[in-house]
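Reading the structure
Residues per chain, in single letters:
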Amino acid sequence: MLEIKNLCVQLEEEDKKILRGVNLSLEAGKVHAIMGPNGSGKSTLSYVLSGKGGYEVTEGSAHLEGNDILEMEPEERAAAGLFLAFQYPVEIPGVGNMTFLRTAVNSQRKLRGEPEMSAGEFLKVVRAKAKDLKIDADMLKRPVNVGFSGGEKKRNEILQMAMLEPKMCILDETDSGLDVDAMKLVAQGVNALRDGKRTFLVITHYQRLLDHIKPDVVHIMAAGRIIKSGGPELALEVENNGYADLLEETA
Amino acid sequence: MAMDDVQVKDGVDAETVEAVKALSGAYKYGWNTEIEMEYAPKGLSEDIVRLISSKNDEPEWMLDWRLAAYRRWLELIEPDWAMVDYPKIDFQDQYYYARPKSMEEKPKSLDDVDPKLLETYKKLGIPLKEQALLAGVEAPEGERRVAVDAVFDSVSVGTTFQAELMKAGVIFCSISEAIREHPELVRKYLGTVVPVSDNYYATLNCAVFSDGSFVYIPPGVRCPMELSTYFRINAENTGQFERTLIIADKESYVSYLEGCTAPQRDIAQLHAAVVELIALDDAEIKYSTVQNWYPGDENGKGGIYNFVTKRADCRGDRSKVMWTQVETGSAVTWKYPSCVLRGNDSQGEFYSIAIANNMQQADTGTKMVHLGKNTKSRIVSKGISAGKAQNTYRGLVSMHPKAKNSRNFTQCDSLLIGDKCGAHTVPYIEVKNNSSRVEHEATTSKVDDDQLFYCRSRGMGEEDAVALVVNGFCKEVLQALPMEFAMEAQALVAISLEGSVG
Ligand SMILES: Nc1ncnc2c1ncn2[C@@H]1O[C@H](COP(=O)(O)OP(=O)(O)OP(=O)(O)O)[C@@H](O)[C@H]1O
Ligand SMILES: [Mg+2]
């Protein structure tokens, strides 16, 4: 599904290297988790994949279903099926959440040459999905993320994901800031989208989330590289021992 | 233009983005109508003033009024306090009267109007046909009817639904017709809100105005439909000087819309209008403008110089006036729709979106002059600058000694797109009594890259993302517009910003 080869990234503005040769191969239908110390480059990886400005790719490649995504505009990547649940979702004053969602859904459909979703159908679908995530009608009407609590923002990201039905979902610390119940809701939301084909890259600091969303592979990222990959037990090891041993091992 | 309520309330929606796509290609109304015109000789003189008056078959008193204004104008000098910069206007190098030849004989009804003119309005999307409705059948939902007065260069070519409005006692006609048919009303109110000597452009307008709209709503009448005037400048080198006078008698209500467009031309053209509103006891007037004059090209060539004096007199107790404007066009805009709150408990509101892109310059705002007791005013201004444009909010809130217990609230927000444009806020506040309160809030922000990226990562194109964020910024004002205009205004916001990113 997603093939990342030797991805090297630095800041556009200053000569600071952040990613130093990331290699990842995500097969369709699998759940991969990335863990790693603060500042190791996890969010940067997710931003570069979704096309945020300010970063320069100096080496390497990223292909989604064989297509070079680094050459695409952010909206084209979205239409091709890439989705990022932001670590820090952005507020857009004055723009209703529902309006935003509908514009997003129809923009993607248009880019893909598909017919738009009618207002009636959209409303039906969004209400059902919002209900599963315990997002009430009021939150759908309010401006995008404005005044939402931390947990509400994260649930709203999952709602967007559920509406857009992407092929490749990247979740950047969607679990941080969630209470126990909200974490379960989010995990249920993600699991409901697992269909054997959809692929997930879950960035997290905690084993907790991985109890609910069982990963197939766990990667450890440090200083802009994947330093170790393994099964779910790797996450437990981190949970118990921290990163010190791992860092030493690979140093 | 019909749309359902829910979507408007939402501020901005998928249709906005739709509309933008459908209307891609910068200025949509830049085409010109090939039609045989009759011009007054170039330049300005007493003879020209007499000529305009005689073309309109005006009575003596009207000519005298114009001539007095003309003599007064000769003594005035052009103001230079606004934050706008444009080449000196040669008032002798333009035409002051241009009318389609076919309008020489006044058409008896809309059916007699030159098909070329009808075609022009059709192309602009302005309905000049009164939909034939069967007796007792309601208009389909969302298709509210709007009466239109269509002004083409110097003349009104027709006004729809006059007969039906007359049944309710509402007079809606061109100002030239009103001068002939309702002289008592015109003499009583014309020039009582904006005096002849008010300012340079207003005085010029008094001398040479050629047409415009007149509205009278009798006591206790709620005008049965929206009224609107659609101004089209077509002729080259011709100034348009229109005059609008709206009187809402006691306990009446009217909502009035104004739209304007012009062809794309290399040479700038002058538009100097005067609009006077009078609200008597318990009357309410809503006046909305979507100003979309040709803005000039991206290098600042051509476009309309829009120097307009708009003022409302809340003459009666508990009267209310609401100005809403979406200013997207014109090369230079100089415009301050104002309210004189004379009646006790009267209210004035001003909602404005001013967009300046490329080389456009906008200096706009309002004056709220509180004279009566317990008067209230509210100002919400949203200025958006892009390209190399300059956008100034200029406002005055004045509380006179007798305006006890009065209130004003002003919210003034500026949004910048890119780093070559400017936003300026110039609020003047005068409070001459100690029971009144004035609140002023102002913000300036930039369109946030993170917001744009967030939208794009969800599948929206860059310009759609800007349109969405900007429409969100303007939401409060868009909501103040009547439904008929809200859609158009949203689309316009998006179009005006085309090419402002990337
Ligand atoms: N735009 C930027 N300007 C300056 N430094 C940046 C920028 N973007 C990323 N960095 C730096 O790059 C490094 C990696 O940041 P990134 O946000 O990717 O880390 P992370 O692994 O997601 O960390 P966390 O676990 O805290 O979320 C950090 O040192 C960060 O300060
Ligand atoms: Mg991070």
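These notes cover the structure that comes with them.

Cut-offs applied
Residues numbered from 1 in each chain as written. Chains lettered and ligands numbered in written order. Predicted model: local features only at pLDDT ≥ 70, side-chain atom pairs only at ≥ 80, totals over all residues. Heavy atoms only, no water. Helix = DSSP H or I, 4+ residues; strand = E, 2+ residues; numbered from the N terminus. Rg over C-alpha atoms; globule rule 2.2 N^0.38 Å. Buried < 20%, exposed > 50% of the residue type's maximum accessible area, 1.4 Å probe, protein only. Contact = heavy atoms within 4.5 Å. Areas by Shrake-Rupley, 256 points an atom, 1.4 Å probe, with all protein chains shown as cover. Lys, Arg positive; Asp, Glu negative; His and termini not counted. Charge placed at Lys NZ, Arg CZ, Asp CG, Glu CD. Near = heavy atom within 4 Å. Polar contact = N/O pair within 3.5 Å; in protein donor to acceptor, adjacent residues only side chain to side chain. Donors = N, O, S within 2.8 Å, 3.2 Å for Na, K, Ca; no water. Buried area = accessible area lost by both parts, 1.4 Å probe. Salt bridge = Lys/Arg side-chain N within 4 Å of Asp/Glu carboxyl O. Nonpolar A, V, L, I, M, F, W, Y, C, P; charged D, E, K, R; others polar. Pairing = 2+ DSSP bridges. Axes fitted to C-alpha atoms, helices over the stretch in contact; angles between N-to-C directions. Phe/Tyr/Trp six-rings, centres within 6.5 Å; stacked < 30°, edge-to-face > 60°. Left-handed = near helix turned anticlockwise from the far one by under 90°.

**Re the overall build of chain B**
Within chain B, the secondary structure is distributed over 13 helices and 23 strands. Here the C-alpha atoms of chain B give a radius of gyration of 22 Å, agreeing with the 23 Å that 2.2 N^0.38 yields for 502 residues. Burial analysis of chain B (502 residues in total) assigns 63% to the buried set. Considering only contacts within chain B whose residues lie at least 6 apart along the sequence, 84% involve residues at least 24 apart. Taken as a whole, chain B presents about 18900 Å² of accessible surface, with 49% of it coming from carbon and sulfur. Charge-centre separation for chain B: the mean point of 55 positive side chains lies 4 Å from the mean point of 73 negative side chains.

**Quick notes on the site of ligand 1**
Residue and element names in this part refer to chain A. Surrounding ligand 1, one finds 15 residues, the nearest of these being G39, K42, S43, T44 and H205. In this structure, a nitrogen atom belonging to ligand 1 sits 3.3 Å away from a side-chain N or O atom of Y55. Summarising the interface, the protein chains cover 65% of the accessible area of ligand 1, which totals 630 Å² for the free molecule. The greatest single-element share of the shell around ligand 1, amounting to 3 residues, is contributed by helix α1 (residues 42-50).

**Some thoughts on the coordination of the magnesium ion (ligand 2)**
For a metal bound by four donors in tetrahedral geometry, the ideal donor-metal-donor angle is 109.5 degrees, whereas six donors in octahedral geometry ideally sit at 90 or 180 degrees. Residues and elements named next belong to chain A. With distances of 2.0 to 2.3 Å, the protein atoms coordinating the magnesium ion (ligand 2) are S43 (OG) and Q87 (OE1). Note that S43 is positioned in helix α1 and Q87 in the loop between β6 (82-85) and β7 (92-96), a separation of 44 residues in sequence. For the residue pair S43 and Q87, the accessibility class agrees, reading buried in each case.

**Some thoughts on the interface of chain A and chain B**
With 36 residues of chain A at the interface, the matching set in chain B holds 26 residues. Interface of chain A and chain B: buried area, both sides summed, is about 2400 Å²; carbon and sulfur atoms make up 59% of it. When residues of chain A are sorted by the area they lose upon contact with chain B, E75, T99 and T103 of chain A head the list and together hold 20% of the total. Counting every contact that joins chain A to chain B gives 4 salt bridges. Elements with a minimum of two residues in the side of chain A that touches chain B: α1, α2 (74-79), β6, β7, α3 (97-111) and α6 (150-164) of chain A. For the side of chain A that touches chain B, the leading source of residues is α3 of chain A, giving 10 residues. For the side of chain A that touches chain B, a count of residues per class yields 18 nonpolar, 10 polar and 8 charged.

**A word on the side chain of E349 of chain B**
Residue and element names in this part refer to chain B. The topology assignment puts E349 in strand β17 (residues 347-356). Classification of E349 by relative accessible area gives buried; the value is 12%. Sequence-distant contacts of E349, that is, excluding residues within four places in its chain, are made with K320, V321, M322, W323, C339, M368 and R378.

**Focus: the sheet that holds strand β1 (residues 2-11) of chain A**
All names here are of chain A. If you trace the 4 strands from one edge of the open sheet to the other, you get β2-β1-β4-β5, paired in antiparallel fashion. Here the strands that pair on one side only, and so sit at the sheet edges, are β2 (17-26) and β5 (67-68). The pairing of β1 with β2 spans 7 bridges and is antiparallel. By the bridge assignment for β2, I4 is matched with L24. Contacts from α1 reach β1, β2 and β4 (55-64), with the element oriented near 105 degrees to β1.

**Notes on the environment of V469 of chain B**
Secondary-structure assignment places V469 of chain B in helix α11 (residues 462-473). Contacts of V469 of chain B, omitting those with residues within four sequence positions, involve I92 of chain A together with Q451, L452 and C455 of chain B.

**Some points on the packing of aromatic side chains**
Residue and element names in this part refer to chain B. The tally for this structure, following the rule as stated, stands at 23 aromatic pairs over all chains. Arranged with centres 5.3 Å apart and planes meeting at 50 degrees, the rings of Y86 and Y305 form a pair that is tilted. Of the two residues, Y86 sits in the loop between α4 (60-75) and β2 (98-100) while Y305 sits in strand β13 (residues 304-314), which places them 219 residues apart along the sequence. Accessibility expressed as a relative area gives 18% for Y86, which makes it buried.

**What to know about the packing of α3 of chain A against α6 of chain A**
Residue and element names in this part refer to chain A. Put simply, α3 and α6 touch, their axes get as near as 10 Å, and they point 35 degrees apart. Pair α3 / α6 crosses with right-handed handedness. Residues N97, F100, L101, A104, V105 and Q108 of α3 form the contact with α6, whose own contacting residues are N156, L159, Q160, M163 and L164. Broken down by class, the residue content of the contact of α3 with α6 amounts to 7 nonpolar, 4 polar and no charged.

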